[in-house]
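# Survey of secondary and tertiary structure
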Amino acid sequence: LTAMLETVTYDMCKTKGGSVGERLAGPIALLKYQSTRSSWKIADECVQVFGGRGITRTGMGAKAEGFKNYVKYAAVYGGSEEIMADLSVRMAMRQFPKEAKL
């Protein structure tokens, strides 16, 4: 995930037009998809570690519960995971030759 983030960031800085170009739409969507999936897995594991305290809004589990809620909000705010995955696949397919078969 870190390597992908650095690659996309470098491309955004060095590509003419920045992040608005059609070439970077797919990698950015895939990066967003991967980061929200990873964050959700981390949040779920935090709740599992804390047990019942991981879902309380006060006390020891407040940070885990807050992170869990924030991750879901951030995932929906930038576009749902399914839409981002579909966009990244469609943009990648545009790069393949017309005669290529999958």
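Residues numbered from 1 in each chain as written. Predicted model: local features only at pLDDT ≥ 70, side-chain atom pairs only at ≥ 80, totals over all residues. Heavy atoms only, no water.

Let's shift gears to the overall build of the protein. The secondary structure content of the protein amounts to four helices and zero strands. Moving toward the C terminus, one meets the helices and strands of the protein in the order α-α-α-α. Its C-alpha atoms give the protein a radius of gyration of 18 Å, clearly above 13 Å, the size a compact globule of 102 residues would have. In terms of principal-axis extent, the alpha carbons of the protein reach across some 55 × 30 × 20 Å. Per-residue burial for the protein yields a buried fraction of 22% across its 102 residues. If you take every contact in the protein between residues at least 6 apart in sequence, the share linking residues at least 24 apart comes to 54%. Entry remark: accessible area of the protein is about 7,700 Å², with carbon and sulfur atoms responsible for 61%. Here the protein contributes 15 positively and 10 negatively charged side chains, and the mean placements of these two sets differ by 3 Å. (Helix = DSSP H or I, 4+ residues; strand = E, 2+ residues; numbered from the N terminus. Rg over C-alpha atoms; globule rule 2.2 N^0.38 Å. Buried < 20%, exposed > 50% of the residue type's maximum accessible area, 1.4 Å probe, protein only. Contact = heavy atoms within 4.5 Å. Areas by Shrake-Rupley, 256 points an atom, 1.4 Å probe, with all protein chains shown as cover. Lys, Arg positive; Asp, Glu negative; His and termini not counted. Charge placed at Lys NZ, Arg CZ, Asp CG, Glu CD.)

Looking at the element boundaries, lysine 101 is found in the segment after α4 (81-95). Remark: the alpha-carbon pair of lysine 101 and valine 8, spanning 93 residues in sequence, is separated by 27 Å.

Another point: the environment of asparagine 69. The residue asparagine 69 is located in helix α3 (residues 62-77) in this model. Expressed as a C-alpha distance, the spacing of asparagine 69 and glycine 52, which sit 17 residues apart in the sequence, is 16 Å. Within polar-contact distance, the side chain of asparagine 69 engages the side chain of glutamate 65 at 2.6 Å. (Polar contact = N/O pair within 3.5 Å; in protein donor to acceptor, adjacent residues only side chain to side chain.)

Locating glutamate 65 in the fold gives a position in helix α3. Those residues within four positions of glutamate 65 in sequence are excluded, and the remaining contacts are Gly54, Ile55, Thr56 and Arg57.

The next thing to look at is the pattern of salt bridges. One pass over the full model with this rule turns up two salt bridges. Here glutamate 45 ties to lysine 41 by a salt bridge, and the two come within 4.0 Å at their closest N and O atoms. One end of the pair is glutamate 45 and the other is lysine 41, both in helix α2 (residues 25-50) and four residues apart, which spans about a single turn. The class for glutamate 45 is partly exposed, based on a relative accessible area of 41%. Here lysine 41 falls in the exposed class, since its relative accessible area comes to 55%. Across the pair aspartate 86 and arginine 90 runs a salt bridge, and its minimum N-O distance is 2.8 Å. Remark: arginine 90 and aspartate 86 occur in helix α4; sequence separation between them is four residues, near one turn of the helix. Note on arginine 90: relative accessible area 54%, which makes it exposed. (Salt bridge = Lys/Arg side-chain N within 4 Å of Asp/Glu carboxyl O.)

The analysis is restricted to geometry; functional conclusions fall outside its scope.
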